[in-house]
Amino acid sequence: SYDYGRPMSFVIGRGEMIPAIEEAVMTMAPGAKVTLLTPSSLAFGEFDLGETLPPYSPLMIELELVEVK
């Protein structure tokens, strides 16, 4: 996470990340960087994060794949 200054680790297919990130990572090579314009259906959908993110919000995500284990 750029916000926390360290890479995030997750397992594809366990629902640990939003679908947009899981789908993008499966097409990326280590070292690749992408910017995703993500519809709410592949992000948080109807989930309400209050002032941070209203329901049905699209997201812009900057993603860098550091490594695959």
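Up top is the structure.
Sequence order as written defines residue numbering, which begins from 1 separately in each chain. Thresholds applied to this predicted model are a pLDDT of at least 70 for local features of residues and 80 or more for the giving and counting of side-chain atom pairs; totals over whole chains, interfaces and linings are not thresholded and use all residues. Side-chain calculation: all heavy atoms of the structure are included, whereas hydrogens and water are not.

Peer 1: Quick question: what am I supposed to make of unusual backbone geometry here?
Peer 2: Comment: phi is negative for the bulk of residues other than glycine, and the bulk of peptide bonds are trans. Despite not being glycine, Tyr56 shows a phi value in the positive range, around 60 degrees. Turning to its location among the elements, Tyr56 is positioned in the loop between strand 1 (33–38) and strand 2 (59–64). Secondary structure counts use DSSP, requiring at least four H or I residues in a row for a helix and at least two E residues in a row for a strand, with both numbered from the N terminus.

Peer 1: For this particular structure, what's the right way to read the pairing of strand 2?
Peer 2: On a regular strand, each side chain points to the face opposite its neighbour's, so the side chains alternate between the two faces of the sheet. In strand 2, alternate side chains face the same way, and those of Leu59, Ile61 and Leu63 are buried while those of Met60, Glu62 and Glu64 on the opposite face are not. Each pair of strands is called paired provided DSSP finds at least two bridges between the two strands. Taken together, the 6 bridges between strand 1 and strand 2 define a ladder with antiparallel strand orientation. Pairing of Leu36 across the sheet is with Ile61, part of strand 2. Burial classes: relative accessible area under 20% of the type maximum marks a residue as buried, over 50% as exposed, and values in between as partly exposed (1.4 Å probe, protein chains only).

Peer 1: Would you mind showing me how to read the nonpolar core here?
Peer 2: Working definition of a nonpolar core: buried Ala, Val, Leu, Ile, Met, Phe, Trp, Tyr and Cys residues. They are joined through side-chain atoms within 4.5 Å. Core analysis: the biggest nonpolar cluster contains 14 residues, and Ile18, Ile21, Leu59, Ile61 and Leu63 have the highest contact counts within it. Only helix 1 (19–25) and strand 2 provide two or more residues apiece to this core. Element by element, the count of residues in this core is highest for helix 1, at 4 residues. Residues contacting Ile18, with those up to four places away along its chain left out, are Leu42, Ala43, Phe44, Leu59 and Ile61. By definition in these notes, contact holds between two residues if any of their heavy atoms fall within 4.5 Å.

Peer 1: Can you walk me through the layout of surface pockets in this structure?
Peer 2: Where empty space is left becomes clear once a probe the size of a water molecule has been rolled over the atoms. Roughly 1100 Å³ of internal volume is contained in the largest pocket. Cavities and pockets were defined on a 1 Å grid built over protein atoms only: a cavity is a set of grid points that admits a 1.4 Å probe from which the probe cannot escape, a pocket is an open set flanked by protein on both sides within 12 Å along at least five of seven lines, and lining residues are those with an atom within 4 Å of any such point. Lining the largest pocket are 30 residues, with Met8, Phe10, Met17, Leu63 and Glu64 positioned closest to its centre. Among the elements that line the lining of the largest pocket, the one with the most residues is strand 2, at 6 residues. When residue character is reported, Ala, Val, Leu, Ile, Met, Phe, Trp, Tyr, Cys and Pro are called nonpolar, Asp, Glu, Lys and Arg charged, and the others, Gly included, polar. Classifying every residue of the lining of the largest pocket gives 21 nonpolar, 3 polar and 6 charged. Grid points are joined across faces, edges and corners, and a volume is the space filled by probe spheres set on the points.

Peer 1: How should I be thinking about the pattern of salt bridges in this particular structure?
Peer 2: Side-chain pairs of opposite charge can arise whenever the charged atoms involved come near each other. Take a side-chain nitrogen of Lys or Arg and a carboxyl oxygen of Asp or Glu: if they are within 4 Å of each other, that pair is a salt bridge. Summed over all chains, the structure comprises 1 salt bridge. A salt bridge links Arg14 to Glu16, with the shortest nitrogen-to-oxygen separation between them at 3.9 Å. Here Arg14 falls in the exposed class, since its relative accessible area comes to 61%.

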